[in-house]
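# Analysis of the macromolecular model
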Amino acid sequence: MSDKPREYCGIFGIFDHPEAALATYYGLHSLQHRGQESAGIVTSYYDEEKGRNIMPSYKDFGLVLNVFNKPKIMNKILKGRSAIGHNRYSTSGSSKNPANIQPFRVHYRSGNIAIGHNGNLSNAKQIRDRFRKEGVIFQSTSDTELILHLISHSIKQDQMGQIMDALHQIEGAYCLVLLTDDKLIAVRDPNGFRPLALGKKDGKFCVASETCAFDINDAEYIRDIEPGEVVVIDKEATEKGEVKSYFIEPKAGTQTSQCIFEYVYFSRPDSMIFGEMVDKIRRNLGKALAKEHPIDEVVSNMDADKKPVVISVPDSSNTAAIGYANENLKMGKECKYDIGLIRNHYVGRTFISPGQKSREQKVRTKFNPVRGVIEGRSVIIVDDSIVRGTTSRYLVDMIRACNPAEIHFLVSSPPIISPCYYGMDFPTPEELIANKFDRNVEKIAEEIGVDSLRYLSADGLVNAVKEANVSENDYCTACFTGNYPVPVNFGVEKEENELV
Ligand code: SF4
């Protein structure tokens, strides 16, 4: 239903907290936007009666609220003071395979271990081929399982040694939470593609994909986990109030490549990622858009009776649209920001409108225009990105039916020309509207039915994230530029090499 790329996963972990499962549940709930097809929690505790460590797990297809829908799941099943959780989105086919729902949990020679993964390993094929030759049996089609095999096959004796050994063999995008019988381990790949933050709740350490998972838990944000960092939280770390930190030896030529699209669309605006609030960066994107395309150069008649109105495609474009309108006002260019589209929040991904399954109907189910805001005005629609353009077309048709003077479409990012191989679900290059029309902006405008279309430039995008205290060179921009920072060699069909 959505014509946006999809994030594959959200992860959360907490160590030595009396309400570990509950905190993880809330954390996953706030990270729901990062994966809506399945959710899972694994906890850990020592069972006095049985005389051994236990690692209960509860996971299923569905939203967090639907999966953990009975009090006994939290109270009776997910016992223990440490927990990790995972939200997942997957492509069709393998999404039906319950074996792919994370966290994965296994018992091997060094005890129990569970893992949750956000990202996509770029050397999964080589690792899988190697294990296949050795006769290893796979339980899932996920590349995350390969990490567990690498750990259990390590010749190192101690568990941390085994984990570091495995981490030195994987490449690509990965943020991990690992739970062992006595530790919580959080890992961010040396390129730092996906965000991962360290926090503290009631004096106990926790980790999450985004800081909104700390806010819901009344936990404090401490810092980002660095690219290549392996944070180990155990009893000693908790007592000292200081995590142990190790680093994965980066391969020659590795450079920080944080996903710039997290700022454009994926992350929640109330989260802090890569050292800066998403909301602030998204407003910067709107400001940059105003500087590149001031409203008086966009609309044909600034002197019409009714001022031009700037509206957003809710929710991800709200802040960029506000940034655009405010910057225009600052430059003395009259316009107003208003709510021109209402989004129905109660439409799940699996919603099927009885009898009518067309995309048009699905868009109508999700959005409705506000006629009073639109009628007779020049309307500037601000959206964060255009992928296939199909949803944009239907939105424009709905807005056109409200009799605006004209419709202009502004995008707070450059045209998307390449798919992502680092943990996002994009369509194929041929399906991307920018490629379909040879990146000809006039033709794309015609296709989506607007009077004009304008994108933010690649320089404008990169400059807008500068405030995040890291160099503009520290970002991956591959879906806009085609410059991939890590070579990709999956070599297996997408459904077999399931992304997470
Ligand atoms: Fe992010 Fe795009 Fe790079 Fe993927 S290709 S990591 S979506 S910037």
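Below: a short report on this structure. (Residues numbered from 1 in each chain as written. Predicted model: local features only at pLDDT ≥ 70, side-chain atom pairs only at ≥ 80, totals over all residues. Heavy atoms only, no water.)

## Considerations on unusual backbone geometry
Among all residues save glycine, negative phi is the norm, and among peptide bonds the norm is trans. Put simply, the rule is: A run of H or I in DSSP counts as a helix once it spans at least four residues, and a run of E counts as a strand once it spans at least two, with each numbered from the N terminus. Under the scheme applied here, a residue whose accessible area is under 20% of the maximum for its type counts as buried, over 50% as exposed, and between as partly exposed, the area being computed with a 1.4 Å probe on protein chains only.
Backbone torsion omega between Gln 102 and Pro 103 reads 0 degrees, so that peptide bond is classified as cis. The residue Pro 103 is located in the loop between strand E6 (82–88) and strand E7 (104–108) in this model. Of the consecutive residues Pro 314 and Asp 315, the connecting peptide bond is found in the cis state with omega at 0 degrees. Phi at Asp 218 takes a positive value of approximately 55 degrees, unusual for a residue other than glycine. Examined against the element boundaries, Asp 218 turns out to sit in the loop between helix H7 (212–215) and strand E13 (220–224). Its relative accessible area of 69% is what places Asp 218 among the exposed residues. A positive phi angle, near 60 degrees, is found at Asn 403, a position not held by glycine.

## Some details on the pairing of strand E23 (residues 378–383)
Both faces of the sheet carry side chains from a regular strand, because those side chains alternate between them. Short version of the rule: Here, a strand pair is defined by DSSP locating no fewer than two bridges between the strands.
Counting buried positions along E23 gives 6 out of 6 residues, so the element sits mostly inside the fold. Of the two faces of E23, the one carrying Ser 378, Ile 380 and Val 382 and the one carrying Val 379, Ile 381 and Asp 383 are both buried. Pairing of strand E19 (residues 309–312) with E23, which is carried by 4 bridges, proceeds in the parallel orientation. Looking across to E23, one finds that Ile 311 is bridged to Ile 381. Pairing between E23 and strand E24 (residues 406–411): 6 bridges, direction parallel. Looking at E24, one finds that Val 379 is bridged to Ile 407.

## Brief notes about the sheet that holds strand E15 (residues 244–247)
Put simply, the rule reads: An axis is simply a line fitted to the C-alpha atoms; with a helix, the fit covers only the stretch in contact. Between two such axes, the angle follows the N-to-C directions and lies from 0 to 180 degrees. It only takes one pair of heavy atoms within 4.5 Å for two residues to be counted as in contact.
The sheet built from 6 strands is open, its strands ordered E7-E8-E9-E10-E14-E15 with antiparallel pairing. Of all strands in the sheet, those with a lone pairing partner are E7 and E15, marking the two edges. Across the sheet, the mean angle separating the axes of adjacent strands is 20 degrees when strand polarity is ignored. Relative to E15, strand E14 (residues 229–233) runs antiparallel, the two being bridged by 4 bridges. Counted as the bridge partner of Val 232 is Lys 244 from E15. Set on the sheet, helix H5 (residues 144–153) makes contact with E7, strand E8 (111–121) and strand E9 (172–180); between it and E8 the angle comes to about 135 degrees. With respect to the sheet, helix H6 (residues 159–167) is in contact with E7, E8, E9, strand E10 (184–188), E14 and E15, its orientation differing from that of E9 by roughly 165 degrees.

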